[in-house]
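# Observations on the model geometry
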Amino acid sequence: MSNIELKKLPQHIAFIIDGNGRWAKSRGLPRTLGHKAGFETLKKITKECFYNYKIPIVSIYAFSTENWNRPQKEIDYLIDLFEDYTSEKFVKDYPGVKLNVMGDYTKFPDRVVRNVEACMETTKDNKLIFNLGINYSGQDELVYAINGIINDGHKSVTREVVEEYLYTAGQPPVDFCVRTSGEYRLSNFMLWQLAYAELYFPKVKWPGFNRKHLKDSLIEYQSRDRRFGSIKE
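Let me sum up the structure you'll find in this document.

Parameters at a glance
Residues numbered from 1 in each chain as written. Predicted model: local features only at pLDDT ≥ 70, side-chain atom pairs only at ≥ 80, totals over all residues. Heavy atoms only, no water. 1 Å grid on protein atoms, 1.4 Å probe; cavity = no way out; pocket = protein on both sides within 12 Å on 5 of 7 lines; lining within 4 Å. Points joined across faces, edges and corners; volume = space filled by probe spheres on them. Helix = DSSP H or I, 4+ residues; strand = E, 2+ residues; numbered from the N terminus. Nonpolar A, V, L, I, M, F, W, Y, C, P; charged D, E, K, R; others polar. Buried < 20%, exposed > 50% of the residue type's maximum accessible area, 1.4 Å probe, protein only. Polar contact = N/O pair within 3.5 Å; in protein donor to acceptor, adjacent residues only side chain to side chain. Contact = heavy atoms within 4.5 Å.

Here the largest pocket defines a volume of roughly 440 Å³. For the lining of the largest pocket, the elements supplying multiple residues, two or more each, are helix 1 (20-25), helix 2 (31-52), strand 2 (57-64) and helix 3 (72-85). When residues in the lining of the largest pocket are grouped by element, the largest group, four residues, is from strand 2. Here the lining of the largest pocket is composed, by residue class, of eight nonpolar, seven polar and seven charged. In this model, the second largest pocket occupies a volume close to 310 Å³. Along the wall of the second largest pocket there are 15 residues; nearest its centre are Glu-163, Pro-173, Trp-192, Gln-193 and Ala-195. Class assignment of the residues belonging to the lining of the second largest pocket gives a composition of eight nonpolar, three polar and four charged.

Here it is in structure tokens:
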């Protein structure tokens, strides 16, 4: 298969954007410039998903709860990138896209919190969905959902109830998850939503992930036989 079948594209695609620092190091650059390049790739690839391939939901793992253990200089640089990314430019860069932040973004500085909340409010009625994971943990998301269920007094719990309390409430599960840089881990990302997702691990580091890599990824997705536990005769 060498061409994309538009009717067989994922409806929800997720990216674990790994390898920014190693990409920079291999070029003799500071890790911060790797993150800068990674954010440029983020814009390019997410726009390609939304506007070229018409994929309605894109989820990104940008900053985990464990990433606070990085050097402070690197954290500060990432915070500046988040502030810029969720500014008014988001609305201009992503027409028709709703920003939905996954994770406890209130742990970031007030200027980031203000941007995030203003951007989510401005875009809340848009149909396309950009799930941005910052200060995110899949395990913490499940704890967050469980506490919400308890606080609302549910007497019994079903899968449907749990899904109502996730950061992705009302959204379909992830169909396809791409993790760059050749690492074979989920690293605590969207554990519930990825239950039946197809996984793909290209070796290219995230800043080098281009439109051809995206197309190759989608062709790989279309080659998979998704049975969801059943048997196809």
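Right, let's get into the side chain of Asn-67. As for its position among the elements, Asn-67 is in the loop between strand 2 and helix 3. Assessed through its relative accessible area of 15%, Asn-67 is described here as buried. Looking at Asn-67, its side chain comes within polar contact range of the main-chain nitrogen of Ser-64, at 2.8 Å. Asn-67 has contacts with Ala-62 and Ile-75, leaving out every residue within four places of it along the chain.

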